[in-house]
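Remarks on the overall topology
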Amino acid sequence: MVNDVSNHELVPEHNILDEEDVEEVLDEYDIERTSLPKIKRKDPALPDDAEVGDVIEIVRDSRTTDKATVYRLVIE
C-alpha cells in the first residue's frame, strides 16, 4: 500500500505558482528562475500536476514569523 505523504500533517503546503506570480517573486528578489533552490519532480510532497520548470511556493509554520514562505524550481 502506497501512502500519499503530501497529506501528512508535517509536510508543508506546496503550491504551483502561475507565471504572473513567478515573475513577481523573481522581480522581488532580483534573480533568475534558475537561481532558485531546486526540488526534484519525484519529490513525494509535490502536487501531482507539477512539471519540470514550475516554481513551487512552500509555506511552512515558523516559530519566529508564524509562516515562512520559500520557493523551489522543479527539476528532473
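See the structure printed just above.
All of the points below concern the structure found in this document. Given the structure is predicted, the values throughout are model-derived calculations rather than measurements.

1. So, the environment of S62
Position of S62 among the secondary structure elements: in strand β3 (residues 55–62). When neighbours within four sequence positions are excluded, S62 is seen to be in contact with K67 and A68. Here T64 takes part through its backbone nitrogen, which lies 3.3 Å from a polar atom of the side chain of S62.

2. Considerations on the environment of V55
Checked against the element boundaries, V55 lands in strand β3. A relative accessible area of 1% means that V55 is categorised as buried. When the C-alpha atoms of V55 and I75 are compared, they prove to be 9.7 Å apart, with 20 residues separating the residues in sequence. Among all residues touching V55, those that are not within four sequence positions of it are N15, I16, L17, V22, R33, L36, Y71, R72 and L73.

3. Looking at the side chain of E57
Among the secondary structure elements, E57 is positioned in strand β3. Despite its burial, E57 pairs with no opposite charge; the closest candidate is K67, at 11 Å N-O. Leave out the neighbours within four places in its chain, and E57 touches E13, H14, N15, L17, T69, V70 and Y71.

Conventions used here
- Residues numbered from 1 in each chain as written.
- Predicted model: local features only at pLDDT ≥ 70, side-chain atom pairs only at ≥ 80, totals over all residues.
- Heavy atoms only, no water.
- Helix = DSSP H or I, 4+ residues; strand = E, 2+ residues; numbered from the N terminus.
- Contact = heavy atoms within 4.5 Å.
- Polar contact = N/O pair within 3.5 Å; in protein donor to acceptor, adjacent residues only side chain to side chain.
- Buried < 20%, exposed > 50% of the residue type's maximum accessible area, 1.4 Å probe, protein only.
- Lys, Arg positive; Asp, Glu negative; His and termini not counted.
- Salt bridge = Lys/Arg side-chain N within 4 Å of Asp/Glu carboxyl O.

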